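Topology and contacts: notes
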Amino acid sequence: MIVNWKHFRQLATGSAMVCLGSVALHGTTAYAADVLTYEPHKIIEDEKGKCEQCHENAVLAWEQSTHKKTFDELHLRDEAKAILERLGDSGSIRRNDECVQCHYTQTAKEAGGRPKTVMGVSCQRCHGGAVDWLDVHQDTEGMPDRAARLAKAESLGMRLTDDIYTLAMNCFQCHTVPKEDLVNKGQHPAGSDFELVAWSHGEVRHNFLNDDPKARAEQGTNNDSTAEEKQIFYVVGKTLDLEFALRGLASATTEGTYLTAMGERAQNAYDALKGLGGMDSVLSQVPLDGGKVKVATGNKAEYVGAADGIRKVAKTIESDKGKFGTALSAAASKVPTSYHGEVYE
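Here the structure is a predicted model, which means the values were calculated and not measured.

Another aspect to go through is the state of the cysteines. Think of a disulfide as a covalent bridge from one cysteine sulfur atom to another cysteine sulfur atom. What the rule picks out here adds up to one disulfide. Bridging C102 to C174, the disulfide has an S-S length of 1.9 Å. Because the sign of the S-S torsion sets the handedness, a value of about -90° for the bond joining C102 and C174 places this disulfide among the left-handed ones. Note that C102 is positioned in helix α5 (residues 100-103) and C174 in helix α9 (residues 164-175), a separation of 72 residues in sequence. C102 sits in the buried class, given a relative accessible area of 1%.

Next up, the structure:
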């Protein structure tokens, strides 16, 4: 998948879980203003036709993935229907505001317009709704300078492949399932066993670009990341897991499965980072009780403050590898060697 982050084209959000992770209302999130989401009116419906003009192999890889197949299969599952019933909805998860935010991609004719579910978890769910930036991204003749072209596209909303943290936020906002009623009442799984290296380098990997920084073109090989790159994935992933577990705890209002699961997720991520060493700038942000991550209801301000502090530090891991050298070196023995799903070849 990217890195350099030259091998990380379309790290996908979302899930093999059954309903969503953040509250949605016509495609926009009510969970937290700074959590990544998308705006349906900025989604290009003919995504496949546009993307495969330059990324044919990447699109073929996506077509074999769970993310794509979700659109055709997930709403038919008995488990999905049972979760809806427990939430008081007898319709389809394709139209349920709780479910569409993580399992599907919607489009709309205008801002605030009625959304239509058109795909599973798609390219634009990771790289941003492309209405504003696609033409710039594809204008190789008018803007032959690739770096300038990408910078312009980024300013218009494209999430670039050299920013692993921003891309991976999409994954964790869904895979942690930060929605209390969905878990406690709907009995939706309280998060998946998502680990960034394993899940981003398996079936969703579609790193077909060559290594020429001036003329990146698609080739036939689905490249793996280097060992060093995977170490960065691992440390960034554990930091994101901790951040989003704390954001999940921030929304907990009652004892139950959700609170327990978020607490365990936060503790596991905390322990993993502590075991690496050199992560005090992250760990010092975490609220503790008796040496363990504090688990309490009605504690939104403290948890959000901690998560925001972690985010500021986490965003620098890629750019300041020297500062996190101890953790990155220790990660070498922790990086998974087996991946989630079959890599497309």
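On to the packing of aromatic side chains, then. For the structure shown, the criterion picks out four aromatic pairs. Between F71 and Y104, the ring centres sit 6.4 Å apart and the planes meet at 85°, which makes this aromatic pair edge-to-face. Within this pair, whereas F71 is found in helix α3 (residues 66-73), its partner Y104 is found in the loop between α5 and β3 (105-107), the two being separated by 33 residues in sequence. Since its relative accessible area comes to 0%, Y104 is described here as buried.

Right, let's get into the environment of D72. When you line up the elements, D72 lands in helix α3. The class for D72 is partly exposed, based on a relative accessible area of 42%.

Moving on: α9. With 12 residues, α9 ought to run about 16 Å at 1.5 Å a step, and its terminal C-alpha atoms sit 16 Å apart, in line with that. Of all 12 residues in α9, 12 are buried; the element is thus mostly enclosed. When α9 is considered as a whole, its buried residues turn out to be I164, Y165, T166, L167, A168, M169, N170, C171, F172, Q173, C174 and H175. Lining the buried residues of α9 we find α5, α6 (123-127), α11 (196-200), α12 (227-250), α13 (257-276) and α15 (300-314).

Conventions and cut-offs
- Residues numbered from 1 in each chain as written.
- Predicted model: local features only at pLDDT ≥ 70, side-chain atom pairs only at ≥ 80, totals over all residues.
- Heavy atoms only, no water.
- Disulfide = S-S within 2.5 Å.
- Helix = DSSP H or I, 4+ residues; strand = E, 2+ residues; numbered from the N terminus.
- Buried < 20%, exposed > 50% of the residue type's maximum accessible area, 1.4 Å probe, protein only.
- Phe/Tyr/Trp six-rings, centres within 6.5 Å; stacked < 30°, edge-to-face > 60°.
- Expected span 1.5 Å × (residues − 1).
- Contact = heavy atoms within 4.5 Å.

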